[in-house]
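Okay, here's what each chain looks like letter by letter:
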Amino acid sequence: MCGIVGYIGKREAYPIIIKGLKRLEYRGYDSAGVALLNGGLKVFKKKGKVSELEGSVSADATKSNLGIGHTRWATHGEPNDINAHPHVSQNGKLAIIHNGIIENYQSLKTELEQKGHKFKSQTDSEVVIHLVEEILLNNSCSLEEAVRLALNEIIGAYAICVISEDDKSQLIAARKGSPLVIGIGDGEFFVASDATPIIEYTNNVVYLDDYEIAIIRDGELIVKSIEDVIKTPFIHKLEMELESIEKGGFPHFMLKEIYEQPKSIRDCLRGRLIATDSHLNLNGMLQFMNKFTNAERLIFVACGTSWHAGLVAEYLFEDIARVNVEVEYASEFRYRNPVIRENDIVVAISQSGETADTLAAIEMAKSKGATIFGVCNVVGSSISRASHAGAYIHAGPEIGVASTKAFTGQVTVLTMMALILGLKKGTLTENRFRELIFALDQIPNKIQKILDDTSSVKKIAETFQFAKNFLYLGRGYNFPVALEGALKLKEISYIHAEGYPAAEMKHGPIALIDEDMPVVFIAPKDSTYEKIISNIQEVKARKGKVIAIVTEGEKDIFNMSDYVVEIPATEECLQPLLSSIPLQLLSYYVAINRGCNVDQPRNLAKSVTVE
Ligand code: F6R
């Protein structure tokens with residue numbers, strides 16, 4: 001949460017920072033601000049989106065080669081102009097931007113207040129710059145040293161940038177627990193929460209590690225540990241294309257990302273699955289194959305949509321590889337003192353690779369001896385780096401706050417993992433393995449078919465755009481899809497929606513059903529088909545409106561439902577990859593009809609880097 005950008009070099013910093021902040025708005029968008037050094041320190045902050053900030057920045061201030069900017073997702077203090085970052089020191093000479101949470105800010109603030117510091121905001125972040133200032137006042141040290149000493153006093157998570165009016169050729173950045181990337185150009189440097197503000201200018205980046213400080217001074221980058229030991233930064237080459245972070249003619253990132261799924265899944269399978277050769281391989285699994293085959297238990301940890309992908313994995317791994325599986329909300333798992341054994345494998349699923357709870361959960365499991373396997377989208381992200389091994393989903397940047405292509409990418413990787421393990425363990429015959437990888441290879445074409453005709457979904461979205469509640473029901477592999485469909489709808493259209501295993505309906509939710517209740521059944525033809533028909537009848541008997549996702553050519557459910565969306569037939573274990581697509585589209589079109597901002601829904605942020 002919160003996006004930070006900094007620039008130091010020969011160009012004007014302001015346009016680079018504003019453009020970068022717009023790219024990072026997915027991380028938070030309740031207020032924004034910039035600090036620029038032109039003569040003195042000039043700070044501009046505004047409640048609302050980055051576009052509102054733009055109008056408030058005076059033209060003369062923008063002529064600066066050094067600046068920092070921030071887009072906020074509020075934790076401490078409501079979204080307003082004062083709580084927006086950057087925050088400045090008492091003497092007005094130092095400015096800071098911060099992403100993360102300073103847990104001991106209250107005690108630091110009290111101490112600093114006793115020394116005469118006056119705070120303007122209610123944020124935890126402001127305390128850091130006052131602390132740096134206090135250290136500078138009391139020790140005749142450099143800014144770099146003052147920042148380092150201040151960070152040693154801080155408990156919590158941070159990615160920060162600090163600039164000073166007294167040194168116009170210096171920018172200091174540091175991280176612990178929140179992401180920070182440094183782009184290295186020709187005599188210029190870019191600092192950002194992720195690579196999207198940087199990619200336009202350079203492919204050379206350094207991912208700062210926890211407890212590292214970057215001192216960018218006089219055209220040079222020096223990386224030190226918080227203990228003041230010089231480190232040699234590793235320069236990565238970014239492979240991201242600029243087009244992948246633009247809307248490419250679509251009205252919203254979410255729709256673009258829904259339509260990208262045939263491609264993103266092909267990219268995920270590329271080089272790993274060659275159906276005609278019966279070849280399936282994930283390099284990340286190879287070196288840990290013995291661990292996987294001997295694992296007594298796989299524990300999937302994740303949050304939100306990624307947790308739903310984990311639930312799909314539970315069905316896949318139990319069914320195909322006959323291994324015990326647990327699926328855990330990372331936020332619960334990390335605090336529960338769970339029993340973890342050395343031959344447990346903990347699989348962390350995360351699009352961003354930065355989710356604070358998932359990261360903390362794997363650190364905890366690692367400390368208890370578990371092997372950690374990361375399934376992430378963002379290359380070089382904290383979770384991917386904290387894992388012993390892993391497999392990227394290669395979905396490309398996902399910018400819409402509601403996760404779509406990352407979900408299907410995660411399910412694709414998890415399916416490949418289950419198939420590889422099933423074959424290795426002999427719980428899957430070679431023939432069945434071959435059939436399943438052929439079917440998996442067909443999934444991108446089948447998704448394309450769903451996307452080629454969205455008329456029925458659009459009609460349903462129009463009919464039910466004013467509904468107050470929705471129920472999503474599915475069985476087996478489609479139960480997690482029901483949860484995911486409900487989550488998509490509530491997060492972008494603000495309609496209350498619940499997902500349930502269809503058979504659970506009788507144990508409570510059935511009381512909600514009346515003629516105003518749309519009930520979405522995810523009911524493709526599979527082993528639960530007869531059972532779900534009974535569940536549909538139960539809803540119809542209570543006059544609920546039945547919307548069914550059915551297999552093409554299917555007649556029974558087709559005839560008994562009020563509305564249907566057909567999807568191509570596939571293997572039962574692959575159905576989530578198809579049945580989730582109409583639900584993504586349904587939530588998108590309902591939200592659009594209601595005039596909601598689908599890419600930036602209220603109160604949400606793409607990357608949840610606070611617990
Ligand atoms: C919902 C959504 C969230 C994320 C969750 C975990 O559409 O995007 O529920 O799935 O915040 O994020 P990652 O996958 O980045 O760990």
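Please refer to the structure higher up on the page.
Summarised in this report is the structure supplied together with it. (Residues numbered from 1 in each chain as written. Predicted model: local features only at pLDDT ≥ 70, side-chain atom pairs only at ≥ 80, totals over all residues. Heavy atoms only, no water.)

**Comments concerning the nonpolar core**
Across soluble globular proteins, nonpolar side chains show a tendency to be buried alongside one another. The condition is simple: Put simply, a nonpolar core is a bunch of buried Ala, Val, Leu, Ile, Met, Phe, Trp, Tyr and Cys residues held in one set by side-chain atoms that sit within 4.5 Å of each other. Per-residue accessibility, obtained with a 1.4 Å probe over protein chains only, is compared with the maximum for each type, and a residue is labelled buried under 20%, exposed over 50%, and partly exposed between these values. Runs of E in the DSSP output that reach at least two residues are strands. Runs of H or I that reach at least four are helices, and both are numbered from the N terminus. In what follows, a contact means two residues having at least one pair of non-hydrogen atoms within 4.5 Å.
The biggest cluster of nonpolar side chains holds 98 residues, and the ones touching the most others in it are Phe 317, Met 417 and Phe 470. Per element, the largest residue contribution to this core is 11 residues, and it comes from helix 14 (residues 405-425). With residues near it in sequence (within four places) discarded, Met 417 still touches Leu 282, Met 285, Phe 292, Phe 317, Val 347, Phe 373 and Val 375. Core analysis: the next-biggest nonpolar cluster, separate from the first, contains 30 residues, Leu 53, Ile 199, Ile 245 and Ile 399 among them.

**So, the environment of Ile 557**
Turning to its location among the elements, Ile 557 is positioned in helix 19 (residues 556-560). A relative accessible area of 0% places Ile 557 in the buried class. Along the chain, Ile 557 and Phe 373 lie 184 residues apart, while their C-alpha atoms are 40 Å from each other. What Ile 557 contacts, discounting residues up to four positions off in sequence, is Ala 523, Tyr 529, Ile 532, Ile 533, Ile 536, Ala 548, Val 550 and Val 564.

**Comments concerning the site of the ligand**
Note the threshold: Whether a residue is near a molecule or strand depends on its heavy atoms: if one lies within 4 Å, it is near. Within 3.5 Å is the distance limit for a polar contact, defined as a pair of N or O atoms, with the added protein rule that one can donate a hydrogen and the other accept it, and that residues adjacent in sequence qualify only through two side-chain atoms. The Shrake-Rupley method, run with a 1.4 Å probe, gives the accessible areas here. Residue values count only the displayed protein chains as cover.
For the ligand, the set of nearby residues contains 15 residues, the closest of which are Ser 306, Ser 350, Ser 352, Thr 355 and Glu 491. Here Ser 350 contributes a side-chain N or O atom positioned 2.6 Å from an oxygen atom of the ligand. Here the ligand, which alone exposes 400 Å², has 91% of that area covered by the protein. Of all elements in the fold, only helix 10 (304-321) and helix 17 (478-493) reach the threshold of two or more residues within the shell around the ligand.

**What about unusual backbone geometry?**
The step from His 85 to Pro 86 runs through a cis peptide bond, and the omega angle for that step is 0°. Mapped onto the elements, Pro 86 comes out in the loop between strand 4 (66-72) and strand 5 (87-88). The phi angle at Ser 278 is positive, at roughly 50°, despite the residue not being glycine. By the secondary structure assignment, Ser 278 is in the loop between strand 16 (273-274) and strand 17 (279-280). Unlike most non-glycine residues, Arg 322 shows phi in positive territory, near 50°. Following the sequence through the fold, Arg 322 ends up in the loop between helix 10 and strand 19 (324-329).

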